[in-house]
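# Fold and geometry: a report
Listed here are the chains, written in short residue letters.
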Amino acid sequence: MSLLRELMSFSFCFFWCGECVLMVQSFDHGYYLLVKSIQELREKKQGIVTVGIGGPSGSGKTSLAEKVASVIGCTVISMENYRDGVDDGNELDSIDFDALVQNLEDLTKRKDTWIPLFDYQQKRRVGSQAIKSTSSGVVIVDGTYALHARLRSLLDIRVAVVGGVHFSLLSKVRYDIGDSCSLDSLIDSIFPFFRNHIEPDLHHAQIRINNSFVSSFREAIYKLKCRYEPPDEHSTDVFQGTEPQRDNFIEMYLRPPSASEEARINDWIKVRQSGIRYYLSLGDQRIVDKNFIIRPKAEFEVGRTTLGGLLRLGYIVVVSYKRASASISIGNLSLSLETIDTLGETFMVLRGMDRKTVGAEALRMGITRPWITKSYLEMILETQAVPRLNTPPPIFSAPVPSDQERQIAAPRPIRTTPNLVIRLEDLSQPWTRSPTKSKMEPVIATWQFISPEPPHTGTSIIDSSSSRDAMKLAPMPDSYDLDRGLLLAVQAIQALLENRGPPIIVGIGGPSGSGKTSMAHKMANIVGCEVVSLESYFKAEQVKDFKYDDFSSLDLSLLSKNIDDIRRDHRTKVPIFDLETGARRGFKELQVSEDCGVIIFEGVYALHPEICRSLDLWIAVVGGVHSHLISRVQRDKSRVGCFMSQNEIMMTVFPMFQQYIEPHLVHAHLKIRNDFDPVLSPESSLFVLKSNKQVAYQDILKILDSAKLCSSVQNFIDLYLRLPGIPTNGQLADSDCIRVRICEGRFALLIREPIREGNFIIQPKVDFDISISTVAGLLNLGYQAVAYIEASAFIYQDGKILIEVDHLQDTATPYLQIKGVNKEAVAAAGSTLKLDGSYTTKSYLQIVLERLPATEGSFNGIHSQQAARLHELIEFVQSQGCCSASESSPTREVVPMESIIEDMQSRIKRLERWQAINTVLWTFLMSALVGYSLYQRKRQ
């Protein structure tokens, strides 16, 4: 039984027994646990399941409710609609609890009900909305006071969410004002209702979530802005007759009390007022690249008492202005006309989530006016003659301090720790509170340049000119999470372009599955450049020997020529490698334009010394599904009573990484820890419908976009590896196995711990390639092949929908799967193909096991005639894996001190656990002996 299953069973026991759950989950863990809890309770309970999600403003409770609703398909009731006046949104007296209680009682009694609707612009209730009791079996109440005593008796599941930008604001203010007041006083100043009216209710939650997310450029907003000139009689209206939506805002910027008069706008707090609602964001968080202004989603709602509290703490309103907006939607984009009263000007703004789409729409509209990259704040400061600090902050070329030199000379290895549940007794302060000032990182780190080091022994791929060697980035001594790392990476590119000029060649390295490819493409979307994978440089002869993770499999001479061409001519021809055929099938022209000036190379060995010396920026990424596999193996081993440290597993499962990849990552300019969990994250959900109903090929083509249609055929073998001794309920389950797919000579780890809801299978969309030595390492750790599925798949896709027709061996009828990230689009495709009523949520492993006669199985999921083939396959994997390991490690390297310390700490914790158990047992035994002795004496 997996860790999540244990948590779920513990929580279900709580729901029915009323016991206290002393665990704090991460956002992803909490989301997954909540969905599973709702599903379990819905099966056991008669009637509607009610859920309350409470927490302070900005904690992420609304995001959690929306993500759960997208999976479960439930009804979400927002407490914001139950205001009965225009008082502060955090004021308890402004909530109409009587109406909310009545609505919940109606729904639990299977009665239809009407919930109110509140308009914040008109500052009053504007009507009601009908909610049918039969529309959903689950109702979620979302709001700051969702766990209030008036509601708790009506809620089956109570969830508290803390953290997010709520914690971030507390940390920011504590950082600004220092230790002049206690944390309680600080909370009472900016969140006056939290300690007395919100926090006490949160302790009644059964699921407690600490949301570490603050803001991210992973889903950034791209904006183009220019001055607007009213149309004359010969020009057309910019809205083309469409009635725009009109809004009025008041925006103000607050300077910290300890700040100097210089306008460090990144340290300021922005407050936006819309009607009776107030929204807050920390600083002028944005990236300016060419003509684009790129902003994260970093705004959250607060009460007006928060603004008053900040002013009482000494914050000063430096700039305030009114912004009148009229906007329309153009597909996935928005077009706005914004009038700033202080400037007396109107600006046209085009916004969207994709840089290329925004740029293409601007070209289509024929906008010829110059683009403006300054914010309204900067423009106002210039009119007031206030000194302005550039955004992002300037790059300093001062010498690196001596302590940083020591840190760079002896870089620290980067590892991610397993995302375990936090026990309340392990917290230094209440789980509902913010981290202290000492734990807060600087708002924005600063890149510095250093003089080049003396030449190293050995040769580089490219001999850089002395002029470019004159300026080099100083590595950041610390490692960062993915969101902060993405911002720092873009800032480093901008600094290099400013100080060294184009072209800037970036290398992103890390183990397979760490997230380096995703990181590369997100950076490319921000700066508008191309990404080249080092897999394009595979040698066909090496690939045929399954040596994908071997450095010798790369064509270094061709890579050298390509980098040389980019340095000299800004253009080259990069190879195209067909991973299915294992051969190079041509070249494509690649040009690094002067307008962009950046190219990104990403791959496992991108930071190898023979490559990275030719690059300008080195970025290392660790974690992701790579760490997920290590944590999974560690958990499996502990379940069978065998403890193994992370280092021991790493040396066996990823021998090439520890000896030939990790040593080079520690020298990167930027080190990034990817804490993404592919199993639990709601951001990676893929909706799947599966059916064995026959569908004609022509019908499949009809529902796909013919202009974007592409098809392929894959033959694959799925191996299910399981560690003997893992407790089961008598039947082999997918969650007990590690699934490895062999397709076209490549090995991939398939992450599959899906959520099944109705007809849908909701699973992660993350698979990652592994080497044959990794599979051999799993077998050496004791894993056994317990199931074997051989199949061929015909795949059709158009970028929105993927349809896969799988022909399983020894199965008469093929299975059709419809996959996509949009649930409605997947459901519509299934209805068009007339598949309604034929869906199944069973995995292929379940289907094969059900059809396998018990007398024919030498393994749980293997026909007797397949056993010989499987035996050959396992022997081949082990032989190839041993060869790769022996070639890569002729002599075992000395184990790093960090690994020794980690192993010792793990063993000490294990001994401490056994000591605690022994103490309890001995106490119980001695108490029994004493009691028995007293009993005998009393009888005598």
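Residues numbered from 1 in each chain as written. Predicted model: local features only at pLDDT ≥ 70, side-chain atom pairs only at ≥ 80, totals over all residues. Heavy atoms only, no water.

## What about the overall build of the protein?
Spelled out, the test is: To qualify as a helix, a DSSP run of H or I must reach at least 4 residues; to qualify as a strand, a run of E must reach at least 2; elements of each kind are numbered from the N terminus. To sort residues, take the accessible area from a 1.4 Å probe on protein chains only and compare it with the maximum for the residue type: under 20% means buried, over 50% means exposed, and anything in between is partly exposed. Any pair of residues with heavy atoms lying within 4.5 Å of one another is described as a contacting pair. Values of accessible area rely on a 1.4 Å probe in the Shrake-Rupley scheme; residue burial ignores everything except the protein chains shown.
When helices and strands are tallied, the protein shows 27 helices and 41 strands. Within the span of the protein, comprising 940 residues, buried residues form 53% of the whole. By sequence separation, contacts in the protein at least 24 residues apart represent 74% of the contacts at least 6 residues apart. Of the roughly 42,500 Å² of accessible surface on the protein, a fraction of 51% belongs to carbon and sulfur atoms.

## What to know about the sheet that holds strand β23 (residues 504-509)
Applied cut-off: Pairing between strands is defined by DSSP: at least two bridges between them are needed. Here, axes are lines fitted to C-alpha atoms. For helices the fit covers the stretch in contact, and angles between N-to-C directions go from 0 to 180 degrees.
The strand order across the open sheet built from six strands is β22-β29-β28-β23-β27-β24, with neighbouring strands paired in parallel fashion. Only two strands of the sheet have a single partner each, and these edge strands are β22 (479-481) and β24 (530-533). Ignoring strand direction, the axes of neighbouring strands in this sheet form an average angle of 25 degrees. Inspection of the sheet shows β24 paired to strand β27 (residues 598-602) by four bridges, in the parallel sense. Along β27, the bridge assignment pairs S533 with E602. Here helix α19 (residues 624-639) sits on the sheet and contacts β28 (617-623) and β29 (670-674); the angle it forms with β28, its principal contact strand, is near 30 degrees.

## Description of the side chain of T113
Counted only if it meets this: Think of a polar contact as two N or O atoms within 3.5 Å of one another; within protein, one of them needs to be a possible hydrogen donor and the other a possible acceptor, and neighboring residues in sequence only count if both atoms come from side chains.
Along the chain, T113 turns up in strand β4 (residues 113-119). In this structure T113 comes out as buried when scored by relative accessible area, which is 4%. Within the structure, T113 has its side chain in polar contact with the side chain of N103 (distance 2.7 Å). In this structure T113 touches N103, D106, L107, Q129, A130 and I131, once residues within four positions along its chain are discounted.

## A short note on the packing of helix α2 (residues 27-44) against helix α3 (residues 61-72)
Definition in use: Here is the rule for angles: anything less than 35 degrees is roughly parallel, anything more than 145 is roughly antiparallel, 65 through 115 is roughly perpendicular, and the remaining ranges are oblique. Here is the rule for handedness: rotate from the far helix to the near one, and if that takes an anticlockwise turn smaller than a right angle the crossing is left-handed, while a clockwise turn gives right-handed.
The geometry of α2 relative to α3 is characterised by a closest axis approach of 11 Å and an angle of 45 degrees between their N-to-C directions. By the angle class used here, α2 and α3 are oblique. In this structure, the crossing between α2 and α3 has a hand that is right-handed. On the side of α2, the interface is formed by F27, Y31, L34, V35, I38, Q39 and R42, while α3 contributes S63, L64, K67, V68, V71 and I72.

## A look at the nonpolar core
Quick reminder of the rule: Residues belong to a common nonpolar core when they are buried Ala, Val, Leu, Ile, Met, Phe, Trp, Tyr or Cys residues joined through side-chain atoms within 4.5 Å.
In terms of nonpolar packing, the biggest core is built from 66 residues, with Y537 and F601 touching the most fellow members. Here this core gets five residues from one element, more than from any other, and that element is helix α23 (residues 772-780). Among residues more than four places away in sequence, those in contact with F601 are I505, V506, G507, I508, V532, L534, Y537, L559, I563, I566 and A606. In terms of nonpolar packing, the next biggest core, distinct from the first, is built from 56 residues, L224, Y228, L333 and I672 among them.

## Considering helix α24 (residues 823-832)
Put simply, the rule is: By construction, the arc corresponds to the directions joining the helix axis to the C-beta atoms.
Looking only at α24, the buried set comprises K823, V826, A829 and G830. Projected down its long axis, α24 carries its buried residues within an arc of 130 degrees, all on one side. Away from its buried face, by an angle of more than 90 degrees, α24 presents the exposed residues E824 and T832. Residues of α24 that are buried sit in contact with α3, β30 (685-691), β35 (760-764) and β39 (815-820). You can read the cap of α24 off the contacts: a side-chain oxygen lies 3.0 Å from the backbone nitrogen of E824, and it is on N822. Looking one or two residues beyond α24, the residue adopting positive phi is K834, at roughly 60 degrees.

## Notes on the side chain of K637
The test is simple: In this tally, Asp and Glu contribute negative charge and Lys and Arg positive charge; neither His nor the terminal groups of the chain are included. Salt bridges, as used here, are contacts in which a Lys or Arg side-chain nitrogen is within 4 Å of a carboxyl oxygen on Asp or Glu.
The topology assignment puts K637 in helix α19. There is no salt bridge for the buried K637, and the closest opposite charge comes from D636, which lies 9.4 Å off by N-O distance. Not counting the four nearest positions on each side in its chain, K637 is found in contact with C642, M644, L723 and L781.

## Some words on the confidence of the model for the protein
Put simply, the test is: Along the chain, pLDDT gives the predictor's confidence residue by residue, from 0 to 100.
Here the protein averages 78 in pLDDT, and 77% of its residues register 70 or above. Contacts of residues 415-428 to residues separated by more than four positions or lying in other chains number 37 contacts, the stretch itself having pLDDT below 50. In this model residues 434-443 is a low-confidence stretch, pLDDT under 50, and it forms 23 contacts with partners more than four residues away in sequence or in other chains.

## A closer look at the pairing of strand β33 (residues 746-750)
Of all five residues making up β33, five are buried, and the element is well covered by its neighbours. Taking every second residue as pointing to the same face, both faces of β33 are buried, with R746, A748 and L750 on one and F747 and L749 on the other. Relative to β33, strand β32 (residues 738-743) runs antiparallel, the two sharing five bridges. When the bridges of β33 are listed, I742 appears paired with F747. In this structure, the hairpin formed by β32 and β33 is closed by a connection of two residues, where E744 is found at a positive phi of approximately 55 degrees. Of the strand pairs in this sheet, β33 and strand β36 (residues 767-770) are connected by four bridges, and their pairing is antiparallel. Among the inter-strand pairings, A748 is bridged to a residue of β36, identified as D769.

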